Amino acid sequence: NVIGFLLSGNMAGIFCVLYASLMALPAPFAAVHLLFINLLTDSLPAIAIGMEPASSDLLGRKPRDPKEPLLSGDLVKRIGLQGLLIAVPVMTAFYLGYQAGTAEAMTMAFATLTLARLFHGFNCRGDASIFRLKFSTNKYSVMAFFAGVVLLLAVLFIPGLKGLFMVAPAFGVANLGEIVLLAFLPTLVIQIIKVIGDVRRGKEN
């Protein structure tokens with residue numbers, strides 16, 4: 001689950017950079033943006049996912065084939081699809097900011113990708129939906145999410161950090177609504193799919 005979380009999030013960043021290159025657009029992220037995501041807002045949810053309690057049906061599952069690679073075909077497919085699902089709203093945010101200039105576009109893309117990956121940490125806790133897993137069973141995932149949000153808000157609004165992380169001067173509270181909506185969309189889609197999976201598994205059992 002941790003590998004799926006980290007690689008799908010990184011794949012989203014790769015898709016964004018690749019798209020920007022093909023469309024001859026400015027780079028959607030600065031190096032310091034990616035460093036912030038990888039060192040801070042990625043590590044906290046990843047640690048929380050590693051603290052996920054064992055599923056109650058664990059001993060009822062078929063043993064994993066020892067010859068199966070760690071990155072199985074299903075996992076690679078899921079990483080690619082989830083990465084693409086995150087990349088689309090991130091580049092939408094980039095285009096929204098691009099109307100005000102490159103700096104605004106990069107800030108919008110950076111903030112959306114960061115928040116989308118924080119939301120995505122809940123998706124990667126397990127195969128079931130968050131409604132079945134419940135927030136209360138892994139308090140670390142909730143703590144990691146809020147810690148990541150606080151770090152992001154600090155970077156976006158504390159004057160000294162804004163300059164360090166190349167946040168556009170014109171960026172303000174008014175942009176947060178668009179960022180939250182776009183960042184939440186991938187998780188909404190993934191959770192809907194997981195809920196459908198929960199229903200199917202319930203019928204099979």
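Above this note sits the structure.
What counts and what doesn't
- Residues numbered from 1 in each chain as written.
- Predicted model: local features only at pLDDT ≥ 70, side-chain atom pairs only at ≥ 80, totals over all residues.
- Heavy atoms only, no water.
- Helix = DSSP H or I, 4+ residues; strand = E, 2+ residues; numbered from the N terminus.
- Buried < 20%, exposed > 50% of the residue type's maximum accessible area, 1.4 Å probe, protein only.
- Salt bridge = Lys/Arg side-chain N within 4 Å of Asp/Glu carboxyl O.
- Phe/Tyr/Trp six-rings, centres within 6.5 Å; stacked < 30°, edge-to-face > 60°.
- Expected span 1.5 Å × (residues − 1).
- Arc of directions from axis to C-beta.

*Asks:* Honestly, the side chain of His-33 in this entry has me stumped. Any pointers?
*Replies:* Mapped onto the secondary structure, His-33 falls in helix H2 (residues 31-41). Of the residues examined, His-33 reaches a relative accessible area of 0% and is grouped as buried.

*Asks:* Would you take a moment to explain the pattern of salt bridges for this structure?
*Replies:* Side chains bearing opposite charge may pair, as long as their charged atoms lie close to each other. Applying the stated rule across the entire model yields two salt bridges. Where Arg-117 meets Asp-42, a salt bridge forms, and the shortest distance between an N and an O atom there is 2.3 Å. Here the residue Arg-117 occupies a position in helix H5 (residues 102-123), and Asp-42 occupies one in the loop between H2 and helix H3 (43-50), the gap between them amounting to 75 residues. For Arg-117, a relative accessible area of 3% translates into the label buried. Arg-125 is the partner of Glu-52 in a salt bridge, and the nearest nitrogen-oxygen pair spans 2.7 Å. Remark: Arg-125 occurs in the loop between H5 and helix H6 (130-133) and Glu-52 occurs in the loop between H3 and helix H4 (73-98); sequence separation between them is 73 residues. When sorted by exposure, Glu-52 lands in the same class as Arg-125, which is buried.

*Asks:* In this structure, what is going on with the packing of aromatic side chains? I would like to understand it.
*Replies:* Each pair of aromatic rings is reported with the distance of its centres and the angle of its planes. Under the criterion given, the structure shown has 11 aromatic pairs. On the numbers, 5.9 Å between centres and 40° between planes, the contact of Phe-157 with Phe-171 is tilted. Taken together, the positions of Phe-157 in helix H7 (residues 139-157) and Phe-171 in the loop between helix H8 (159-164) and helix H9 (176-204) put the pair 14 residues apart, joining distant regions of the chain. Note on Phe-157: relative accessible area 29%, which makes it partly exposed. On the basis of relative accessible area, Phe-171 is assigned to the buried category, the value being 3%. Connected via pairs of aromatic rings, a cluster forms that spans Phe-119, Phe-122, Phe-135, Phe-145, Phe-146 and Phe-184.

*Asks:* In this structure, what is going on with helix H1 (residues 2-22)? I would like to understand it.
*Replies:* In an α-helix there are 3.6 residues to a turn, and that puts residues three or four apart on one side. The end-to-end C-alpha separation of H1 is 30 Å, in line with the 30 Å expected for 21 residues at 1.5 Å each. Within H1, burial applies to Gly-4, Phe-5, Ser-8, Gly-9, Ala-12, Gly-13, Cys-16 and Ala-20. Down the axis of H1, the buried side of the element spans an arc of 165°, and every buried residue falls inside it. Away from its buried face by more than 90 degrees, H1 exposes Ser-21 and Leu-22.

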